[in-house]
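What follows is the residue order along each chain.
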Amino acid sequence: MSLHAQVSEIKDDGILYSVLIKKKANYYPESIDKLDLSKVIVVTKVEHKGLGNAGKVSTLKLVNGVYGGETIKVGTAMDNNEPSANAITREKAWESGQYQWVILYKNLTHNISVFKSVPITINYN
């Protein structure tokens, strides 16, 4: 599964998370400060430092000369949290059903947060 997000018109230091949350978890973090990694599957985590005016940050990352890093295989055992991946077990274990894809961004320099939630369905066998 590939999930791409981008935040534009930003500067300085910040962090962007792209996560999946089971709808039945009834958990709706609206900021990174409220993000509980034990309840989410991290698809992508990207940090930026010293970004110039009107910059942008994306879930795409340059890895070995190739842009990517915004995918997660449904059924994989570990998420993509950096620097330490989290096990996808217990309440957040993969299953078919309704999920929320949540994009969370926080500008650490200016203490500004943005979030967006998109409903998706996963069929997992």
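Report on the accompanying structure. (Residues numbered from 1 in each chain as written. Predicted model: local features only at pLDDT ≥ 70, side-chain atom pairs only at ≥ 80, totals over all residues. Heavy atoms only, no water.)

Another point: the sheet that holds strand β5 (residues 97–107). Strands sit in the order β2-β1-β5-β6 across an open sheet of four strands; the sheet is antiparallel. Every interior strand has two partners, whereas the edge strands, β2 (41–58) and β6 (112–122), have only one. Along the sheet, successive strands turn relative to each other by an average axial angle of 15°, direction set aside. Relative to β5, strand β1 (residues 6–22) runs antiparallel, the two being bridged by nine bridges. Across the sheet, G14 pairs through a bridge with N107, a residue of β5. (Pairing = 2+ DSSP bridges. Helix = DSSP H or I, 4+ residues; strand = E, 2+ residues; numbered from the N terminus. Axes fitted to C-alpha atoms, helices over the stretch in contact; angles between N-to-C directions.)

Quick look at the environment of K92 now. With respect to the helices and strands, the residue K92 is situated in the loop between β4 (66–68) and β5. Sequence separation of K92 and E9 is 83 residues, and the distance between their C-alpha atoms is 33 Å. In this view, K92 contacts K22, L37, S38, K39, V40, I41, D79, N86 and A87; residues no more than four positions away in its chain are not counted. At a separation of 2.9 Å, a polar atom in the side chain of K92 contacts the main-chain carbonyl oxygen of L37. (Contact = heavy atoms within 4.5 Å. Polar contact = N/O pair within 3.5 Å; in protein donor to acceptor, adjacent residues only side chain to side chain.)

Turning to the nonpolar core, a few remarks are in order. Ranked by size, the top nonpolar core spans 19 residues in total, and within it L20, V57 and W94 carry the most contacts. Of all the elements in the fold, those that place two or more residues in this core are β1, β2, β5 and β6. Sequence-distant contacts of L20, defined by excluding residues within four places in its chain, comprise M1, L3, V40, I41, V43, W94, Y99, Q100, W101, I120 and I122. By size, the runner-up hydrophobic cluster in this structure holds eleven residues, among which are I15, Y17, I21 and L35. (Core = buried A, V, L, I, M, F, W, Y, C linked by side-chain atoms within 4.5 Å. Buried < 20%, exposed > 50% of the residue type's maximum accessible area, 1.4 Å probe, protein only.)

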